[in-house]
Structure formats: structure tokens, C-alpha cells
Amino acid sequence: MINQEVYIGTQGWNYADWFGPFYPPKTPKSDLLTLYSKIFNSVEVDSTFYAIPSENTLKGWNDKTPDDFIFSLKLLSEITHKNRLRDCHSLLREYVGRVSLLGTKLGCILIQLPPDLSPGEHPALKKFLEILPEGYHFAVEFRDSGWLTEAVVETLERVNVAFALTDSRWLPRAKLPEIVDYQRIDFSYIRWLGVRELTDFGRIQINRREEFLLWLSIFQKLQMRNQRIYAYFNNHFQGHSPGSCNEFKTLLGLKVVSPETLNPQLSLF
């Protein structure tokens, strides 16, 4: 049983294939976030990777979700991919200043690095980490396995930034427990990405029982440290991220809210 704060959900909440298997078929798009937030307590937002959200957008997210709901946001790609972490102090300040309007609903900001940002860019990363504002949770997702070293984890740890634990082709799954052992900050960030060949997001298509058991052991380690955990499923992991999320929540012993309890005509699977 997981006892500490676990914010677990999906990467995004608006997918056409979810209508029917997850959302009632005729649900207005304006109601999707409200319905989603009755089932899961957190979501990872991708749109903030492409543009700084407007004040009205943030107000809408706030108004449509309960007080204890958490948004984790991708950092602006202009910072990570265009500027490659350089010369972006003012842009970072503008971004964080805007998303801070979420108040206590702002969870973690994900710094997703491009695949061609190699460990040779470690000095740029280190300088960027030094300008991150205090009082926020940040996590870095590396897409080059060369970053998977104890030294890199320690660099992040010194500024209380998480090494994102990502189930993906970039990081060997068997190495992830080592990062857990290295990292000693008070929160973790987890992403389940999967394979890009899947195109139908309305049903579970891949059996991930073996992977889930590995992740269960990782969560148990994190539990012993009384950490806050942010964790998000992509549709590509199994084909239907709401189903993945509830399957794993069941393994964790967390309460699962089924859409059937909100609408008897729905079935999650």
C-alpha cells in the first residue's frame, strides 16, 4: 500500500478515441477536464511545451478542477530545444511567473531535453539549473542514455531537481532502480511512454504486467522515503492510458474511480 502523496494520471486528457471507452460519447469538450479530475488527481500537460499558457487558460483549468488536483507542465520547447538551455533567463522567468497562477495546483515542471542534447552539454545544463527559481518542483527528462550516471543525478540533486524516471527507449528499464538508489530528494517524476506504433487509443493492447511489477518495487522504495510522486501514462504505453493508470493504481492499493460510478453506461476497458 502506497501511503505518501501520489499524483498519478495521464499525459493529456483530450483524445478522440477516449469518447465511448472513457468519456460519454456526447460529452462537450469544455466538460472533459472536469470529468477527468473526478477520476484522476493529476494530469501532465503537453500544450505548455509549445506556448506559454494564457491567464484565461490557467483560470479555466483552476475553475474546472477540485482544490487538491495537480497539474504538471512541460517546460517551453523554445527553452529546451531552440535555445538548448542557453540565454533563456528572461523567458524562463516569464514562463514560471505565468504558470505560477495555478497556485497550489502547480505540481512539477518537466524539462524535456531533445535526443541530440548529449552529455557533452553538461556545462550548459549545470548553468541552466543554477537559474531555476526556488520554491518549485522541476524534473529533467534525458533522451540520451549517456546521461544515466550517478554524477548527473548528483548534479540535479544539489539543486533539488529530479531525474525523470522514464519508461522509454532512451533509458534501459533495468537501470532505473539504480537512479532511484542514487537520487535522494523529496519527490520523484515518472513517465510511461511506450512504443509509437500504436494508433488506437481506445483500448489496452499490450500486456505490461512484468513492467508493472518492476515499477511496483520502485514505488515501494520511494514509499520508504516518504516522497511525493508525480507519475503519468502515455497512450502508447499500452494503448489506453486511463486503463493503464487504473491498472497500476490497483497494484499500488490506491483507490480506483471508475467512470461507471459517474455514468453507468461507461466502461473503462
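Up top is the structure.
A quick note: this is a predicted structure, and the numbers were derived from the prediction, not measured.

Peer 1: Would you mind going over the overall build of the protein with me for this structure?
Peer 2: Regarding its fold elements, the protein presents 9 helices and 9 strands. Counting only C-alpha atoms and orienting by the principal axes, one finds that the protein spans roughly 55 × 40 × 35 Å. Each of the 269 residues in the protein was classed as buried or not, and the buried ones make up 54%. Look at the contacts in the protein between residues 6 or more apart in sequence, and 80% of them connect residues 24 or more apart. The distance from the centre of the 30 positive side-chain charges to the centre of the 31 negative ones in the protein is 2 Å.

Peer 1: Is there a simple way to think about the packing of helix 8 (residues 209–224) against helix 9 (residues 241–252) in this case?
Peer 2: For any two helices packed against each other, the geometry comes down to the angle between their axes and how far apart the axes lie. Helix 9 packs onto helix 8 with a crossing angle of 50° between their chain directions and a minimal axis gap of 10 Å. Between helix 8 and helix 9, the interaxial angle falls into the category oblique. With respect to the hand of their crossing, helix 8 and helix 9 are arranged in right-handed fashion. On the side of helix 8, the interface is formed by Arg209, Phe212, Trp215, Leu216 and Phe219, while helix 9 contributes Ser244, Glu247, Phe248, Leu251 and Leu252. Its residues placed into classes, the contact of helix 8 with helix 9 shows 7 nonpolar, 1 polar and 2 charged.

Peer 1: Where do I start with the pattern of salt bridges in this structure?
Peer 2: Two side chains carrying opposite charge are able to pair once their charged atoms lie near each other. Applying the stated criterion across every chain yields a total of 15 salt bridges. With a shortest N-O distance of 2.8 Å, Asp46 and Lys74 are connected by a salt bridge. With Asp46 in the loop between strand 2 (42–45) and helix 2 (55–63) and Lys74 in strand 3 (residues 70–74), this pair connects stretches of sequence that are 28 residues apart. In this structure Asp46 comes out as partly exposed when scored by relative accessible area, which is 33%. Notably, a salt bridge pairs Arg203 with Asp200, separated by 2.9 Å at the nearest N-O pair. Residue Arg203 is classed as partly exposed on the basis of its relative accessible area, which comes to 44%.

Peer 1: How do you make sense of the sheet that holds strand 5 (residues 137–141) when you look at a structure like this?
Peer 2: The strands making up a sheet associate through hydrogen bonds between their backbones, and the pairing can be parallel or antiparallel. Strand order in this open sheet of 9 strands is 6-5-4-3-2-1-9-8-7, and the pairing throughout is parallel. Each edge of the open sheet is held by one strand with a lone partner, namely strand 6 (161–163) and strand 7 (165–167). Each strand axis lies, on average, 25° off the axis of its neighbour in the sheet, ignoring direction. Two strands pair when backbone bridges link them, and strand 3 and strand 4 (residues 106–112) are joined in this way by 3 bridges, in the parallel orientation. Within strand 4, the residue paired with Leu73 across the bridge is Ile109. Against the sheet, helix 9 makes contact with strand 1 (6–11), strand 8 (187–192) and strand 9 (228–233), and its axis sits at roughly 160° relative to strand 1, the strand it touches most.

Peer 1: What am I meant to see in the state of the cysteines here?
Peer 2: Linking two cysteines covalently via their sulfur atoms produces the bond known as a disulfide. Tallied over the entire structure, the rule returns 0 disulfides. Here Cys108 is not cross-linked by a disulfide; its sulfur's nearest cysteine counterpart is in Cys245, at 17 Å.

Peer 1: Before we go on, may I ask you to explain the packing of helix 5 (residues 122–130) against helix 6 (residues 150–157) in this structure?
Peer 2: Relative orientation of the contacting elements helix 5 and helix 6 amounts to 20°, with a least axis distance of 10 Å. Taken together, the axes of helix 5 and helix 6 are roughly parallel relative to one another. Crossing of helix 5 against helix 6: the hand is right-handed. Contacts from His122, Lys126 and Leu129 of helix 5 reach helix 6 at Val152, Thr155 and Leu156. Split into classes, the residues belonging to the contact of helix 5 with helix 6 amount to 3 nonpolar, 2 polar and 1 charged.

Peer 1: What am I meant to see in the pairing of strand 5 here?
Peer 2: Among the 5 residues in strand 5, 5 count as buried, and that is most of the element. Neither face of strand 5 is open: one carries His137, Ala139 and Glu141, the other Phe138 and Val140, and all of them are buried. As paired strands, strand 4 and strand 5 are joined by 5 bridges and run parallel to one another. Looking across to strand 5, one finds that Ile111 is bridged to Val140. For the handedness criterion, the β-α-β arrangement of strand 4, helix 5 and strand 5 is classed as right-handed. Direction of pairing for strand 5 relative to strand 6: parallel, over a ladder of 3 bridges. The residue bridging Ala139 from the neighbouring strand is Ala162, located in strand 6. The parallel pair strand 5 and strand 6, bridged by helix 6, forms a crossover whose chirality is right-handed.

Quick notes on the rules
Residues numbered from 1 in each chain as written. Predicted model: local features only at pLDDT ≥ 70, side-chain atom pairs only at ≥ 80, totals over all residues. Heavy atoms only, no water. Helix = DSSP H or I, 4+ residues; strand = E, 2+ residues; numbered from the N terminus. Buried < 20%, exposed > 50% of the residue type's maximum accessible area, 1.4 Å probe, protein only. Contact = heavy atoms within 4.5 Å. Lys, Arg positive; Asp, Glu negative; His and termini not counted. Charge placed at Lys NZ, Arg CZ, Asp CG, Glu CD. Axes fitted to C-alpha atoms, helices over the stretch in contact; angles between N-to-C directions. Parallel < 35°, antiparallel > 145°, perpendicular 65-115°, else oblique. Left-handed = near helix turned anticlockwise from the far one by under 90°. Nonpolar A, V, L, I, M, F, W, Y, C, P; charged D, E, K, R; others polar. Salt bridge = Lys/Arg side-chain N within 4 Å of Asp/Glu carboxyl O. Pairing = 2+ DSSP bridges. Disulfide = S-S within 2.5 Å. Right-handed = clockwise from strand over helix to strand, strands pointing away.

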